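Understanding the architecture of this molecule
Next come the chains, spelled out residue by residue.
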Amino acid sequence: MQDIDWSDFQVFLALAQSGRTGDAANLLGVDATTVSRRLKRLETGLAVALFERSRDGHQLTEAGEELLEQVSTMARAAAKIRDGAEAGEGLSGTLRISVSEGFGSWFLARHIPDLADAHPALTIDLVASSGFLNPSRREADIAVMLSRPRSGQLIARKLSDYALSLYATQDYLDRAGTPQRSEDLITGHRLIGYVPELVYAPELVYLDEIHPGLRATLRSSSINAQHRLIARGAGLGVLPRFIGDADPALVPLLPQRSILRSFWIVTHADTNSLARVRAGTEWLIDVVAKHRSVLLPR
């Protein structure tokens, strides 16, 4: 067997975790051609096929499954060595935090400079989008999700509850009337909400909790776009209170129909004990505890 470069094992690990060449390339910061070339070199060196290729991606063979267990052990050992070296120098490397678009842009972004100041050698990726990166596939070190995962080698703990309410502008209410009961929303009002087919988590389905059968007719997959539509007087919509209460142009409605949801911190069992992941998790818990009244106003 010819000598094998450790970087080829890193490519194998990234592809095993992501399942697609392009996704593995993104994780590693290389191009897809490099991933394919290094995988071929590894398979040639080991004289085994590690993946079965299909239109759905790469699936591990039996030999691949065996190698994954060994390489994962190697990766954990390397991470512990790196953590030990960093202990006296401060944290370094990259910490990737995946959060929902609204929580990331309206809450975390204003506080995350404190984390950066505390660890100047640490690169911090705040991935705030309509959807979550998957800790199971090592796409993120920490994910703040809307529910506790039910499978995978993941560690989850509740971060906080947060409240949502119905909002509109006063200009809209002057034109369309102010609803006093949820039944008032059935006719005469334009509702703003998510595109049903593009909702990435069932916890984002709100309108039925305001009143059964309500349907949005002005829709977006982006909570920030929904906020802008509501703020421009295009209709009424449900927003997290850390968004709605922060905009003085918005009027909260139907307080008796307030909605409650939860945030969960999720990490992978293999990386949960890494120093940068511990630091990020502790910072998240601390910053939410200090500012919980923004997420859950009385």
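Bear in mind that the values here come from a model prediction, so they are computed numbers and not experimental data. (Residues numbered from 1 in each chain as written. Predicted model: local features only at pLDDT ≥ 70, side-chain atom pairs only at ≥ 80, totals over all residues. Heavy atoms only, no water.)

With the rule as written, the count across this model stands at 10 salt bridges. A salt bridge links lysine 290 to aspartate 286, with the nearest nitrogen and oxygen atoms 3.2 Å apart. Taken together, the residues span about one helical turn, with lysine 290 and aspartate 286 both in helix α10 (residues 275-290) at a distance of four residues. (Salt bridge = Lys/Arg side-chain N within 4 Å of Asp/Glu carboxyl O. Helix = DSSP H or I, 4+ residues; strand = E, 2+ residues; numbered from the N terminus.)

Our focus in this paragraph is the packing of helix α1 (residues 6-18) against helix α3 (residues 32-46). Between α1 and α3, whose axes approach to 9 Å, the crossing angle comes to 110°. Here α1 lies roughly perpendicular to α3, going by the angle between them. You can see that α1 and α3 cross each other, and the crossing is left-handed. Of the residues in α3, those touching α1 at Ser7, Asp8, Phe9, Val11, Phe12 and Leu15 are Val35, Arg38, Leu39, Arg41 and Leu42. Here the residues of the contact of α1 with α3 are counted per class, giving seven nonpolar, one polar and three charged. (Axes fitted to C-alpha atoms, helices over the stretch in contact; angles between N-to-C directions. Parallel < 35°, antiparallel > 145°, perpendicular 65-115°, else oblique. Left-handed = near helix turned anticlockwise from the far one by under 90°. Contact = heavy atoms within 4.5 Å. Nonpolar A, V, L, I, M, F, W, Y, C, P; charged D, E, K, R; others polar.)

Annotation of the protein chain at the domain level lists domain 1 (6-86) and domain 2 (93-297). One C-alpha centre belongs to domain 1, the other to domain 2, and the line joining them spans 34 Å. (Domains from an automatic or database assignment.)

We now examine the pairing of strand β9 (residues 236-240). Along any regular strand, the residues point their side chains to alternate faces of the sheet. With five of five residues buried, β9 is to be regarded as a mostly interior element. Residue alternation in β9 divides its side chains into two sets, Leu236, Val238 and Pro240 and Gly237 and Leu239, and both sets are buried. Two elements, strand β6 (residues 154-169) and β9, share four bridges in a ladder whose sense is antiparallel. Paired with serine 165 across the bridge in β9 is leucine 239. Sheet analysis places strand β7 (residues 191-193) next to β9, joined by two bridges and oriented parallel. (Buried < 20%, exposed > 50% of the residue type's maximum accessible area, 1.4 Å probe, protein only. Pairing = 2+ DSSP bridges.)

Relative to the assigned elements, serine 165 resides in strand β6. Leave out the neighbours within four places in its chain, and serine 165 touches Gly237, Val238, Leu239, Arg241 and Ser258.

To continue, consider helix α8 (residues 223-231). When we look at burial in α8, the residues that qualify are Ile223, Gln226, His227, Ile230 and Ala231. Taken end-on, α8 shows its buried residues confined to a sector of 130°, consistent with a single buried face. Contacts made by the buried residues of α8 are with α5 (101-118), β6, β7, β9, α9 (241-244) and β10 (250-253). Here α8 starts with a cap whose side-chain oxygen sits 3.2 Å from the backbone nitrogen of asparagine 224, and that cap is serine 222. (Arc of directions from axis to C-beta. Polar contact = N/O pair within 3.5 Å; in protein donor to acceptor, adjacent residues only side chain to side chain.)

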